[in-house]
Amino acid sequence: MERIRRFIRELSECQWLEQRELRDWEIVSSKYELPGQYVDAAPFTEGQNFELFPSKQGTTYFFCKQLDIPQEWMQQGQHIGLIFQSGGEGLLRINGKSYQGLDRNHTFVTLSNDVIGRPLELEIELFDPIPEPVDPLNQQAVIQPPIRSIYSSIVSVNHPVQQLMYTTTVIRDSAVLLPEQDFRRVRLIEALYQAMDEFVSLDRGAIREGGLVAAIDEKLRHSIFAIGGNAEGLIHMVGQSHIDIAWLWPARETVRKTSRTFSTVDALMNEYPEYRYAQSQPQLFSYLKDNDPELYERVKLRIQEGRWELVGGMWVEPDLNIPSGESLMRQMLYGQRFYEEEFGRSSKIEWLPDTFGYCASLPQILKHGGIEYFMTTKLGWNDTNVFPYDLFYWVGIDGTPMLSYLNHGVNENTLPKDVHDHWQSFREKARYNEQMLLYGHGDGGGGVTREMLEYIRRSELMVGQPSSQFSSAADFFAGITEASPQLPRWRGDLYLELHRGTYTTHGRNKRNNRKAEVLYREAELWNALAASELVADQKQEISRSLHDGWKLILLNQFHDIIPGSAITETYETSMKEYREIFELGNNGLQQGLKALTDCVNTEGEGQPYIVFNSLGWSRDAIIEIAGPDRSNLLAVYDGDGLRLAHEAIGTAEGSQAILVQVPDVPAFGYKTVWVKQEVSEAPASSDKMSDDLLTQGWETGYYRICFNNQGEIISLYDKSADREIIQAGSVRIASTSSMTVLRSGMPGISIPDMRSSLQVMRSCWR
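About the thresholds
- Residues numbered from 1 in each chain as written.
- Predicted model: local features only at pLDDT ≥ 70, side-chain atom pairs only at ≥ 80, totals over all residues.
- Heavy atoms only, no water.
- Helix = DSSP H or I, 4+ residues; strand = E, 2+ residues; numbered from the N terminus.
- Buried < 20%, exposed > 50% of the residue type's maximum accessible area, 1.4 Å probe, protein only.
- Contact = heavy atoms within 4.5 Å.
- Areas by Shrake-Rupley, 256 points an atom, 1.4 Å probe, with all protein chains shown as cover.
- Lys, Arg positive; Asp, Glu negative; His and termini not counted.
- Charge placed at Lys NZ, Arg CZ, Asp CG, Glu CD.
- Axes fitted to C-alpha atoms, helices over the stretch in contact; angles between N-to-C directions.
- Parallel < 35°, antiparallel > 145°, perpendicular 65-115°, else oblique.
- Pairing = 2+ DSSP bridges.
- Nonpolar A, V, L, I, M, F, W, Y, C, P; charged D, E, K, R; others polar.
- pLDDT = per-residue confidence, 0-100.
- Phe/Tyr/Trp six-rings, centres within 6.5 Å; stacked < 30°, edge-to-face > 60°.

(A) Focus on the overall build of the protein chain. When its secondary structure is counted, the protein chain shows 20 helices and 32 strands. By its C-alpha atoms, the protein chain is 115 × 60 × 45 Å across when sized along the principal axes. Burial statistics for the protein chain: of 766 residues in total, 53% are counted as buried. Counting only contacts in the protein chain whose residues sit at least 6 apart along the sequence, the fraction spanning at least 24 positions is 76%. In the form shown here, the protein chain has an accessible surface area of approximately 33800 Å², with 50% of it arising from carbon and sulfur atoms. Averaging the positions of the 74 positive and the 104 negative side-chain charges in the protein chain gives two centres separated by 1 Å.

(B) Structural detail: the packing of helix α10 (residues 293-305) against helix α11 (residues 325-343). Contact geometry of α10 with α11 gives a least axis separation of 11 Å together with a crossing angle of 90°. When the axis of α10 is compared with that of α11, the two are roughly perpendicular. Of α11, the residues touching α10 (which contributes Y296, K300 and I303) are F338, E342 and F343.

(C) Representation of the sheet that holds strand β1 (residues 16-21) within the structure. Across the sheet, which stays open at both edges, the four strands sit in the order β1-β10-β5-β8 with antiparallel pairing between neighbours. Because the sheet does not close on itself, it has two edges, and the strands there are β1 and β8 (108-110). This sheet shows a mean twist of 25° between the axes of neighbouring strands, independent of strand direction. Sheet analysis places strand β5 (residues 79-85) next to β8, joined by three bridges and oriented antiparallel. Within β8, the position partnered with I83 by the bridge is F108.

(D) Seen up close, the packing of helix α4 (residues 159-177) against helix α13 (residues 416-425). α13 packs onto α4 with a crossing angle of 40° between their chain directions and a minimal axis gap of 8 Å. The orientation of α4 with respect to α13, classified from their angle, is oblique. Touching V170, D173, S174 and L177 of α4 are P416, K417 and H420, all from α13. Classifying every residue of the contact of α4 with α13 by side-chain character gives three nonpolar, two polar and two charged.

(E) Quick look at the confidence of the model for the protein chain. For the protein chain, the mean per-residue pLDDT works out to 90, and 91% of the residues sit at or above 70. With pLDDT under 50 throughout, residues 734-738 is counted as low confidence; its partners more than four residues away or in other chains account for 13 contacts. Every residue in residues 745-766 scores below 50 in pLDDT, and together they form 46 contacts with partners more than four places removed in sequence or on other chains.

(F) Quick peek at the packing of aromatic side chains. Going through the model one piece at a time under the given rule, you end up with 39 aromatic pairs. Centre to centre, the rings of W526 and F612 are 5.0 Å apart; their planes meet at 70°, and the pair counts as edge-to-face. Of the two residues, W526 is situated in helix α16 (residues 507-529) and F612 in strand β21 (residues 607-613); the sequence distance between them amounts to 86 residues. Take W526: its relative accessible area is 2%, and that puts it in the buried class. Under the relative-accessibility criterion, F612 is labelled buried at 2%. One aromatic cluster in this structure is built from F262, Y275, Y277, F285, Y296, W308, W315, F338, Y339 and F343.

The following block contains the structure:
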């Protein structure tokens, strides 16, 4: 095999007819802060030392130059390209338009005929990424070194030699996978030796002319066809690039990653008409729309062609254990609505390759969102119990079945070994002999490469492997539906036995998410009930505020943000965004409640307060009302004139307040109470709250419950089961839901957030 390896290397060295190095770039260094915002921009004259480029990681460089294509190259109709090798992550713009991403996997750019006929203004925005942190637990970190050298040139491609190189690579790699005793392996190697001998006999002129090289390639292909074809089975090749919204980089960098990756997809589709690509996460398309509108319009055309497939109907690929069911429905609503409004279609495939486990209610939620199929890869990471199926029906807690596929991996290649490993891993091949392979480099890798597409074109040369074809995820799942094989069923959640610590890490973020979910439910509820009292402009303003807030909530539920697995900057950004979320949500909530309070009759003696209950059932509550000094001289009455039990307290801030026991606040409704000043200090009476309210116990039709004077549950008797639940000598912490209290007639409305509501509850349970 060493002889064949040297042959492939020789072909690689002969693949350029002409090569002219480019060195006279104007270079500017800067720091990227936000999309379109760069600071500390300055000429980087020391960067002209391409052999030892003095880069500092975290810096963004702009390489600019005007390029004139040699006239003789254009006259000869040669295939012309640009080579740029650096190791960073870059975006090539030609005449101001995003053209293709440049990274460690994409160093060659084809210059198409529609740009080479005129002077080219080249700009390369090159980022030297901050390295990944060391990963001692999983050993998965890929530590990229800083940019230390730059090489760029313009080349004229010897297409026949390049094609022979790809053909030889595929055949050599296929032969290696066959047993040494297999006669097919012997014949493959002999066919390669014959092609090699014929090529070596050519002089330099014949190699440059290319006709004889093309003949060698054609003869070699026919020799392989005579040996034998593919094994039984078919693999659907689906191009993709999994892009984390934030992980080892902040979301602002994902904006640039999106332009790099999507421009590469568009460029490759110009060269390979059969190439088809799938992309999830409407948030990425939204980034592109806001920050690279010209490229966004090109992407829309690809989607209309049917070659760019929309998958993943959720706004992002979220965590699926921490967010509420309402949040997951909003993920579907916002994602599918964006697809419909922008592209005129929705996704039928939920695409969640990297999420850390999947709740058992998800099939039902996905069905409500118009999803028919589910794909993941993450369950293959289980560290203890191997998940048993690759193709199965996932049955939700309500009995909803969802046709599901566990892909062998993500960010895969298309070489024979990748095809072999993928097919061998497929455990349902006896029930259904077709499989899907997701190829393309993820995150900063830029997606699919030319080499991957060339290897798929040579699928028929992979002797002993299943055949492969350019396809889509929709075609793969539709074929299964039509064939209707008998597949296994899995009930319950899909638990990932890895990343367990993500459910306790960065608790502040998890708490903020829950506070936001509660706040936005309250805001939408009361605004819905107040709708008839709001003017059109006010409704529109509130709707816009809550809509923008929800998008930020959904963004921060991404599977590397809310679980706590991203870098520090992600959580600094997230904290700022949660402040904006709370501001938008509280603004909407206050306007809705203000409209409702304006309709309430609060005539009567004393200062009225309105207590709102957002729960779906009536409830008793103990509320805290700020009061003046000598709060013990106050009395509280409800609308029927009934004096309510209350107690004067001192707050943590040193001010005075009263706790009031308000009975039977209606579901989705309110109750008004009045605070009055007593003429003289009232003697202790039955309206005074005391620890007896707790220690005497409470009883419903189902339970009897007793507390100690610390508000801890010491007895919980289940009347229907006729048994005591709390073990003797044990206690349980009591908790309750929040109430909203408004003081009528105030110039502004103060709404306690979740934290202050919890403080009220703690006070009332004393």
